[in-house]
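Each chain is listed here by its residues.
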Amino acid sequence: MNTLQDRINRTLNDRSYLIKQGKYVNGDQWLNGEGWIGPTLTKPKGSNDDVAYDEYARIIDLANSEIERQFTTRNVLQECVERHTSGIVGRTPRLITEDDETQMVLDGWAELTMLGNVFERAVNTLMWAGQNDTLAVSPVRMYLPKRFTTRVGDVETIMLDDNTVESAMSVLRVHSVNPAYAGIIYDDDELPICSVYQYSDSNAQKFIEVSGTASALAEWGMYSGDASNETVLQIYQNTLAGTPIAETTYDLGGNLLMFEMQRPVMITDSAIALQKLVNLSFTMMARNVISGGHVERYITNAERPGKYVDRSTGEEVAASNSNSTFRPDPLYVGSGTTNFLAGLPRYDDAGNEVGFNQVGVFFREPSPVDTFISTIQQTISGIYHECDQAHVMIQSEATASGFSRVQATNDFVLSLQQTAGSVSMLGSWIGETSLRWAGYLTNTPMEDVNVTCEPHIAAVQPTANERVANLQINQAGLMSNERFLQLEGLENVDTELQLINQSDDGVDEPEPEEDEGEFSVSS
């Protein structure tokens, strides 16, 4: 069978591995033991009724628990994800439209819904939600919270303060969702059919939300109404079998209620394998510090200072006392301590004391951790290269050439640009879909609205030499003022250019007031 229900179930099943992958990248690196690649003990085959088996299994559980307790991590993958995310949406991309009034509505809604957090979470997910042979995906869903609606049968009523686009926008929300539970379903030509979102309520009741155009859903047998370009929202309970428990249509210009960002995956299988090696090295180094990180002393042929005491009373007695035993004094170590050690006596064949042995004192210094440090550095460097962030490691290498630094930085910028395209399309979808939905709810024409979104790429700050070189190129006429200001890190480039043009056009600026003498400050 190749029904739409089959495609939905197959897509969600194929993405189930992303549940663990997301947990691993975002902090749970033990992952119930799957994140440990060092030696472990496995339980033998046997019966729980066997006493010997139970004892052996208990010892194995204890050993594995000790490994987990000492498991030491440095999450380089999360570091790379956060660096990439900050480089592309560290400053929230602005949704831009041509109409000033609509622009004010969009800006207010973006602030109300904390749209910057949505962009950050969506880009974060886009970095790891995929495998080497697939594109990473990051679904973003737009929805109408239940607290803003009431439903009687098939009739849904939306509670608005007034019949304005701004009021309708205030009830719409958007969030980034885990691709293990959501996504866009495509046909054989890679064209989108519908979106799907699987969730559970507070009572652990499972629901499946499907949105698609009426024509697409009708073609695949999941909608019996008119085949139009309107967006249909269906809610199913438990499974997709049967009819939906709720169904609503909206005129959104053919947009779905979900957008799926795509790009080549950054956190590849190789990067995850290297991360596990980093954690193994840190854990082994910590273990090495515990077991071999202290000075060890070996003293041979020496008798510790002490005294002879009575076995019964513990009082000091002569060594010749038949009931005596030798009780050594404590051996003190550390700075400022002095110990006197006497050599053990030597005896001849007749048992007569003939002298004393020469005392030998030997030290074993703490075991070095150079091997672990070298392994960790090389492995982290491998992760940086895998994630196109080699410039981070090169910054600390004195031997790296200037060309290497520039090339590594360019690789990072190119990686950011791959994400920038998806972020731009996401912003356009969010702006246009929200405005069209609000227009539909208030009977306000919004079908021709056009929203653009340009993310601000912030890779690395230029060095002093690079800033001088950029200035010289700009002055030579080989670089535009706009590009120069972007490289300088200015956020509002257009505003700055306007101020420069005003100054060049001779616009009078307010002159400072003349100094009329002394002045005083009163509180």
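Because the structure is a prediction, the values reported are computed rather than measured. (Residues numbered from 1 in each chain as written. Predicted model: local features only at pLDDT ≥ 70, side-chain atom pairs only at ≥ 80, totals over all residues. Heavy atoms only, no water.)

Draft legend 1. The sheet that holds strand β5 (residues 173-176), seen in detail. Pairing within the open sheet is antiparallel, and its three strands lie in the order β5-β2-β11. Across the chains shown, the open sheet's two edge strands, defined by having one partner strand only, are β5 and β11 (258-264). Put simply, the sheet's adjacent strands are angled 20 degrees from each other on average, direction ignored. (Pairing = 2+ DSSP bridges. Helix = DSSP H or I, 4+ residues; strand = E, 2+ residues; numbered from the N terminus. Axes fitted to C-alpha atoms, helices over the stretch in contact; angles between N-to-C directions.)

Draft legend 2. Representation of unusual backbone geometry in the model. For E190, which is not glycine, the phi torsion reads 65 degrees and is therefore positive. Positioned with a positive phi, N301 is a non-glycine residue whose angle comes to about 55 degrees. Among the secondary structure elements, N301 is positioned in the loop between β12 (296-300) and β13 (302-303). By relative accessible area, which is 39% here, N301 ends up partly exposed. (Buried < 20%, exposed > 50% of the residue type's maximum accessible area, 1.4 Å probe, protein only.)

Draft legend 3. Summary view of the packing of helix α4 (residues 76-89) against helix α10 (residues 370-386). As a packed pair, α4 and α10 sit with axes 10 Å apart at the nearest point and diverge in direction by 35 degrees. Crossing handedness for the pair α4 and α10: right-handed. Between α4 and α10, the residues in contact are V76, L77, E79, C80 and R83 and I380, I383 and Y384, respectively. When the residues that make up the contact of α4 with α10 are grouped by side-chain class, the tally is six nonpolar, no polar and two charged. (Left-handed = near helix turned anticlockwise from the far one by under 90°. Contact = heavy atoms within 4.5 Å. Nonpolar A, V, L, I, M, F, W, Y, C, P; charged D, E, K, R; others polar.)

Draft legend 4. Just the packing of helix α9 (residues 269-292) against α10, in detail. Where α9 contacts α10, the axes come no closer than 9 Å and their chain directions differ by 160 degrees. Judged on the interaxial angle alone, α10 and α9 are roughly antiparallel. Remark: the crossing between α9 and α10 carries left-handed chirality. Mapping the contact onto sequence places S270, A271, L274, Q275, L277, V278, S281, F282, M284, M285 and N288 in α9 and F372, I373, T375, I376, T379, I380, G382, I383 and E386 in α10. For the contact of α9 with α10, the per-class residue count stands at twelve nonpolar, seven polar and one charged. (Parallel < 35°, antiparallel > 145°, perpendicular 65-115°, else oblique.)

Draft legend 5. Spotlight on helix α1 (residues 4-14). The complete set of buried residues in α1 reads L4, R7, I8, T11 and L12. Looking straight down α1, one finds that the buried residues subtend no more than 125 degrees of arc, so they occupy a single side. Opposite the buried face of α1, by more than 90 degrees, sit the exposed residues N13 and D14. Against the buried residues of α1 lie β6 (182-186), β7 (192-200), β8 (206-213) and α8 (214-219). (Arc of directions from axis to C-beta.)

Draft legend 6. Looking closely at the packing of aromatic side chains. Scanning the model with the defined rule gives eight aromatic pairs in all. Between W30 and F71, the ring centres sit 5.1 Å apart and the planes meet at 65 degrees, which makes this aromatic pair edge-to-face. Of this pair, W30 sits in the loop between α2 (18-25) and α3 (51-70) while F71 is found in the loop between α3 and α4, placing the two residues 41 residues apart along the sequence. Each member of the pair, W30 as well as F71, is classed as buried. Taking 5.2 Å as the distance between ring centres and 65 degrees as the angle between the ring planes, the aromatic pair formed by Y308 and F326 counts as edge-to-face. One end of the pair, Y308, is in strand β14 (residues 306-310); the other, F326, is in strand β15 (residues 324-328), and 18 residues separate them in sequence. Under the relative-accessibility criterion, Y308 is labelled partly exposed at 32%. (Phe/Tyr/Trp six-rings, centres within 6.5 Å; stacked < 30°, edge-to-face > 60°.)

Draft legend 7. Highlighting the pattern of salt bridges. This structure, assessed with the given rule, holds nine salt bridges. Linking R7 and D188 is a salt bridge whose minimum nitrogen-to-oxygen distance equals 2.6 Å. With R7 in helix α1 and D188 in the loop between β6 and β7, this residue pair connects regions lying 181 residues apart in the sequence. Given the relative accessible area of 7%, R7 is considered buried. One salt bridge in this structure joins R69 and E66, with 2.6 Å as the shortest N-O distance. In this pair, R69 and E66 are both assigned in helix α3, three residues apart and thus about one turn of the helix distant. Sharing partners across several salt bridges, the network here consists of R74, E79 and R83. (Salt bridge = Lys/Arg side-chain N within 4 Å of Asp/Glu carboxyl O.)

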